[in-house]
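What follows is the residue order along each chain.
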Amino acid sequence: MKVPYVGVVDDDEALCLSLVDLMRSIGYRSEPFDRAEALLSYAGRFSFDCIIADVHMPGMGGLNLVRELQQQKVGAPVILITALPHKQLDAEAASIGAFCLLRKPFETSALLECLDRSLRR
């Protein structure tokens, strides 16, 4: 059975590494990125089974990352995370094809449930 491979994009280094550690603790492979542009230039981006990305980052944010991944034909579902309270984000994230949107602070179980659903699609 193939081990899931998850990319994590967040400019908050502590959160990014924490999420990577979480992925590895459940037996997944995971790669951290401190910005969207770093993931987009990563040669292995087409191998990801799922990508977790922050909505608000310097440079390209998570919403534009979803759009760019679609342009590049990267098929991995994207789970967006945000601390922003704006309700219109839910509709925008859904309209551009994000798999789900979680608000920080989120429960680990909520992330893992969303991740599990994304891998079963």
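Cut-offs used in this document
Residues numbered from 1 in each chain as written. Predicted model: local features only at pLDDT ≥ 70, side-chain atom pairs only at ≥ 80, totals over all residues. Heavy atoms only, no water. Helix = DSSP H or I, 4+ residues; strand = E, 2+ residues; numbered from the N terminus. Buried < 20%, exposed > 50% of the residue type's maximum accessible area, 1.4 Å probe, protein only. Contact = heavy atoms within 4.5 Å. Areas by Shrake-Rupley, 256 points an atom, 1.4 Å probe, with all protein chains shown as cover. Axes fitted to C-alpha atoms, helices over the stretch in contact; angles between N-to-C directions. Parallel < 35°, antiparallel > 145°, perpendicular 65-115°, else oblique. UniProt positions renumbered as here; feature names shortened; annotations may be inferred.

Some details on the overall build of the chain
Along the backbone of the chain there are five helices and five strands. Counted from the first residue to the last, the chain has its helices and strands arranged as β-α-β-α-β-α-β-α-β-α. Out of the 121 residues in the chain, the part that is buried amounts to 45%. A separation threshold of at least 6 residues defines the contact pool for the chain, and within that pool the share at least 24 residues apart is 61%. Here the chain has roughly 6,300 Å² of accessible surface; of this, 53% comes from carbon and sulfur atoms.

Remarks on the packing of helix 3 (residues 62-71) against helix 4 (residues 88-96)
Close contact between helix 3 and helix 4 brings their axes to 10 Å; oriented N to C, the two are set at 5°. It follows from the interaxial angle that helix 3 and helix 4 lie roughly parallel. Residues Leu63, Val66, Arg67 and Gln70 of helix 3 form the contact with helix 4, whose participating residues are Leu89, Glu92, Ala93 and Ile96.

Digging into the UniProt feature "domain: Response regulatory" (unreviewed entry) in the chain
Taken from the UniProt record, the annotation "domain: Response regulatory" (unreviewed entry) applies to residues 5-119. The span residues 5-119 carries 43% helix and 21% strand; its end-to-end C-alpha distance comes to 10 Å.

A short note on the environment of Ile96
By secondary structure assignment, the location of Ile96 is in helix 4. Once the C-alpha coordinates of Ile96 and Asn64 are considered, the two residues, 32 residues apart in sequence, prove to be 9.1 Å apart.

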